[in-house]
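Below, each chain spelled out in residue letters.
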Amino acid sequence: TAAAFNSFRFVIKGSLAGAAVYVAYDQGLLGSGTQGAEALRKAQAALPPAIQEWTSYVGWELPPTPKFDFSPSDSWNKGVQTVMSALSVAPSRACEYTVEGWNYVKDLVK
């Protein structure tokens, strides 16, 4: 029975993971940056009313949701620019660090 229970848990977890991937793909989260930004805007517009309706139905009161001014495509572009900038100066920095290390070793040997 333990093996059957473990296999049942595996099937449930696999089904939930598959459903999550399908929903992410269907909503455009796995597409381009523009599609992901549009999906995020849709979620930001749809989630607060749905949560408010659910909490009023249950009888809970939640604090207001914070407003985020976040653009995934701008953040992605800034990250790519930072990485490319670091890669472009890497050879000259490596030479500088090599010279500094060599000078340090020469000073220790004296």
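Parameters at a glance
Residues numbered from 1 in each chain as written. Predicted model: local features only at pLDDT ≥ 70, side-chain atom pairs only at ≥ 80, totals over all residues. Heavy atoms only, no water. UniProt positions renumbered as here; feature names shortened; annotations may be inferred. Helix = DSSP H or I, 4+ residues; strand = E, 2+ residues; numbered from the N terminus. Buried < 20%, exposed > 50% of the residue type's maximum accessible area, 1.4 Å probe, protein only. Areas by Shrake-Rupley, 256 points an atom, 1.4 Å probe, with all protein chains shown as cover. Patch = residues over 30% accessible without salt bridge, like charges linked within 9 Å, V, L, I, M, F, W, Y side chains within 5 Å. Salt bridge = Lys/Arg side-chain N within 4 Å of Asp/Glu carboxyl O. Expected span 1.5 Å × (residues − 1).

- In the annotation of an unreviewed UniProt entry, the protein is listed under the name MICOS complex subunit MIC13 and assigned to Rostratula benghalensis.
- Comment text from UniProt for the protein, heading Subunit (unreviewed entry), reads "Component of the mitochondrial contact site and cristae organizing system (MICOS) complex."

1. Remarks on the overall build of the protein
Here is step 1: Check the secondary structure of the protein and you find three helices and zero strands.
Here is step 2: Secondary structure of the protein in N-to-C order comes out as α-α-α.
Here is step 3: For the protein, the proportion of its 110 residues judged to be buried stands at 5%.
Here is step 4: Split by element, the accessible area of the protein, about 9,800 Å² in all, is 66% carbon and sulfur.

2. A look at a nonpolar patch on the surface
Here is step 1: Taken together, the side chains of Trp54, Tyr57, Val58 and Trp60 present a nonpolar region at the surface, about 540 Å² in accessible area.
Here is step 2: In this fold, Trp60 is placed in the loop between α2 (33-58) and α3 (72-109).

3. Observations concerning helix α1 (residues 2-26)
Here is step 1: Taking 1.5 Å as the rise per residue, α1 with 25 residues should run 36 Å; its terminal C-alpha atoms sit 36 Å apart, in good agreement.
Here is step 2: Phi turns positive, to about 90 degrees, at Gly28, one or two residues after α1.

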